[in-house]
Amino acid sequence: MVTMTEVARAAGVSVSTVSHVVNGTRLVAPATRERVQHAMDLLGYKHQPTARSLSAGTNRTIGLAITVATNPYWVELIQGIDREATRAGLNVIIVDTRDDARHESVAVANLLAHRIEGLIIAPADGWRDLTLPMLRDHALPYVLVDRITPELRVDQVGVENEAATTAIIDHLISLGHTRIGMLSGIPGLSTSAERLRGYQLAHQRADLPTDPALIRVGSSSSDGGRKATWELLQLDDPPTALFAANNSMTIGALAALNAAKIAVPKDMALTAFDDFAWADLFSPGLTTVAQPSAAIGARAVQLLLRRMNDPDAPPQTIRLPAEIMHRQSCGCVSR
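Along each chain, numbering runs from 1 in the same order as the chain's sequence is written. Two thresholds apply to this predicted model, a pLDDT of at least 70 for residue-level local features and 80 or more for giving and counting side-chain atom pairs, whereas whole-chain, interface and lining totals are computed over all residues. The side-chain numbers reported here are obtained from all heavy atoms of the structure, hydrogens and water having been left aside.

1. A closer look at unusual backbone geometry
What is expected of a backbone is that most residues other than glycine have negative phi and most peptide bonds are trans.
Then, in step 1: For the bond running from Val264 to Pro265, omega is 0°, close enough to zero to count as cis.
Then, in step 2: Only DSSP runs of H or I covering at least 4 residues are called helices, and only runs of E covering at least 2 are called strands; the numbering of each starts at the N terminus. Structurally, Pro265 can be placed in the loop between α11 (247-259) and β9 (269-273).
Then, in step 3: The residue after Ser283, namely Pro284, is reached through a cis peptide bond having omega 5°.
Then, in step 4: One can find Pro284 in the loop between β9 and β10 (287-290).
Then, in step 5: In this model, Asp99 sits at a positive phi of 55°, which is unusual for a non-glycine residue.
Then, in step 6: With respect to the helices and strands, Asp99 occurs in the loop between β2 (91-96) and α6 (101-113).
Then, in step 7: Of note in this structure, Arg115 is not a glycine but carries a positive phi near 60°.

As structure tokens, then:
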């Protein structure tokens, strides 16, 4: 299949100019239009009518490429996307990336075959080598959600990971903890890196050394969180507090602490990134960082609609604030 990128290269114009010619979304100089049309005829480019359906109000479908996990955060984010898309008259096709770049690229290719008008994607590690070139070749409007990539000038929305993590580690330090274990997420993801930086920044501000032995990769899963917690408990000088960088790892940490008969918060303070509906039903209630997941999803749809309607609009990066939910697992009275 000949792509818009190939047409743009042959005509000596930008991909957005080809898109305007194909979809009639903006006036193009006659000479430029003629060059683009000649390149399309020469290469045998076949137009897939997507953007025109915006004005016609037909076949308004977007794609959502995301890890379809049982993590409540993703469930709430998907619900936020679906509600906002429904309000805008859009259908949503969801594909599971399994947080794997190769599987993600195949899933996105399948979405493209369904002639989607735009894409919201929570990119896997390695997406820039496989999925990003495909999106650029098809000149498809897209928005990154949750996993922000600052070095790319694209539309993206997520939470203030670094600031929120710094705040919750500051809280543990204020309670007297100097050895705080961290269960880190999947390596290579921006969310994992940002939360690690927040952990490190809190230590720097308190003039506390960051012990690498206290940072363990839990790979954003409950099993990984359990194993990482167990490794921390085996240290000669184990931590007195734990921070799990997502709620799946929190479940694993609780399982490991329970197996080791370590009481929370008496023997070990516990905090986590991601709140969930039953966090206050645990005994003790869990102190967490709550993300506005539904709002993140809604903003992603709004950004995508803007990009679909105006391909040349300047890209936006939006970070929404998180909220610390103070309960008892950190060792203080809930607020």
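2. Considerations on α6
Then, in step 1: For α6, with 13 residues, the first-to-last C-alpha span of 18 Å sits near the 18 Å given by 1.5 Å per residue.
Then, in step 2: Residue contacts follow a heavy-atom distance rule, with two residues in contact if any of their heavy atoms lie within 4.5 Å. Packed against the buried residues of α6 are β1 (61-66), β2, β3 (119-121) and α7 (127-137).
Then, in step 3: Whenever a nitrogen or oxygen atom comes within 3.5 Å of another N or O atom, the pair is scored as a polar contact, on the condition that within protein one atom can donate a hydrogen and the other can accept it, and that pairs from neighbouring residues in sequence are kept only if both atoms are in side chains. Looking at where α6 begins, the residue whose side-chain oxygen comes 3.2 Å from the main-chain nitrogen of Arg102 is Asp100.
Then, in step 4: Positive phi shows up at Arg115, right after α6, with a value of about 60°. By this rule, a helix spans an expected 1.5 Å times one less than how many residues it contains.

3. Considering the nonpolar core
Then, in step 1: Take the buried Ala, Val, Leu, Ile, Met, Phe, Trp, Tyr and Cys residues and link them wherever side-chain atoms come within 4.5 Å; each set so joined is a nonpolar core. Each residue is placed in one exposure class: buried if its accessible area under a 1.4 Å probe, protein chains only, is under 20% of its type's maximum, exposed if it is over 50%, and partly exposed if it falls in between. Ile120, Val145, Ile169 and Ile296 are the most contacted members of the largest nonpolar core, which totals 61 residues.
Then, in step 2: The element best represented in this core is helix α12 (residues 293-309), accounting for 7 residues.
Then, in step 3: Non-local contacts of Ile296, meaning those with residues more than four positions away in its chain, are made with Tyr73, Leu77, Val145, Val157, Gly158, Val159, Gln291 and Leu320.
Then, in step 4: Within the second largest apolar cluster, 18 residues are counted, among which are Ala65, Met134, Leu140 and Leu152.

4. Description of a nonpolar patch on the surface
Then, in step 1: Side chains of Ile251, Trp278 and Leu281 sit close together on the surface and give an oily, nonpolar patch of about 330 Å² of accessible area.
Then, in step 2: Structurally, the position occupied by Ile251 is in helix α11. Residues qualify for a patch when their relative accessible area is over 30% and they have no salt bridge, like charges being joined within 9 Å and the nonpolar side chains of Val, Leu, Ile, Met, Phe, Trp and Tyr within 5 Å. Accessibility throughout is a Shrake-Rupley quantity obtained with a 1.4 Å probe, and a residue counts as covered only by protein chains that appear here. Salt bridges are counted wherever a side-chain nitrogen of Lys or Arg sits within 4 Å of a carboxyl oxygen of Asp or Glu.

5. So, the side chain of Arg147
Then, in step 1: Here Arg147 lies in the loop between β4 (142-145) and β5 (156-159).
Then, in step 2: Within the structure, the side chain of Arg147 is placed 2.6 Å from the side chain of Asp99, a separation counted as a polar contact.
Then, in step 3: A polar atom in the side chain of Arg147 sits 3.1 Å from the backbone oxygen of Pro123.
Then, in step 4: Filtering out sequence-adjacent residues up to four positions away, Arg147 remains in contact with Thr67, Trp74, Asp99, Ala122, Pro123, Ala124, Gln156, Leu189, Ser190 and Thr191.

6. Examining the pattern of salt bridges
Then, in step 1: This structure, assessed with the given rule, holds 15 salt bridges.
Then, in step 2: Between Asp99 and Arg147 there is a salt bridge, with the nearest N and O atoms lying 2.6 Å from each other. Of the two residues, Asp99 sits in the loop between β2 and α6 while Arg147 sits in the loop between β4 and β5, which places them 48 residues apart along the sequence.
Then, in step 3: Close ionic contact of Arg327 with Asp275 constitutes a salt bridge, the shortest N to O distance being 2.9 Å. Residue Arg327 is located in the segment after β12 (323-325), and its partner Asp275 is located in the loop between β9 and β10; the two are separated by 52 residues in the primary sequence.
Then, in step 4: For Arg327, a relative accessible area of 10% translates into the label buried.

7. A few points about the environment of Asp170
Then, in step 1: The topology assignment puts Asp170 in helix α8 (residues 161-174).
Then, in step 2: Taking the C-alpha atoms as reference points, Asp170 and Gln156, 14 residues apart in sequence, are found 28 Å from one another.
Then, in step 3: Setting aside chain neighbours within four positions, we find Asp170 in contact with Ala202 and Arg205.
Then, in step 4: Of the polar contacts made by the side chain of Asp170, one reaches the side chain of Arg205; its length is 2.3 Å.

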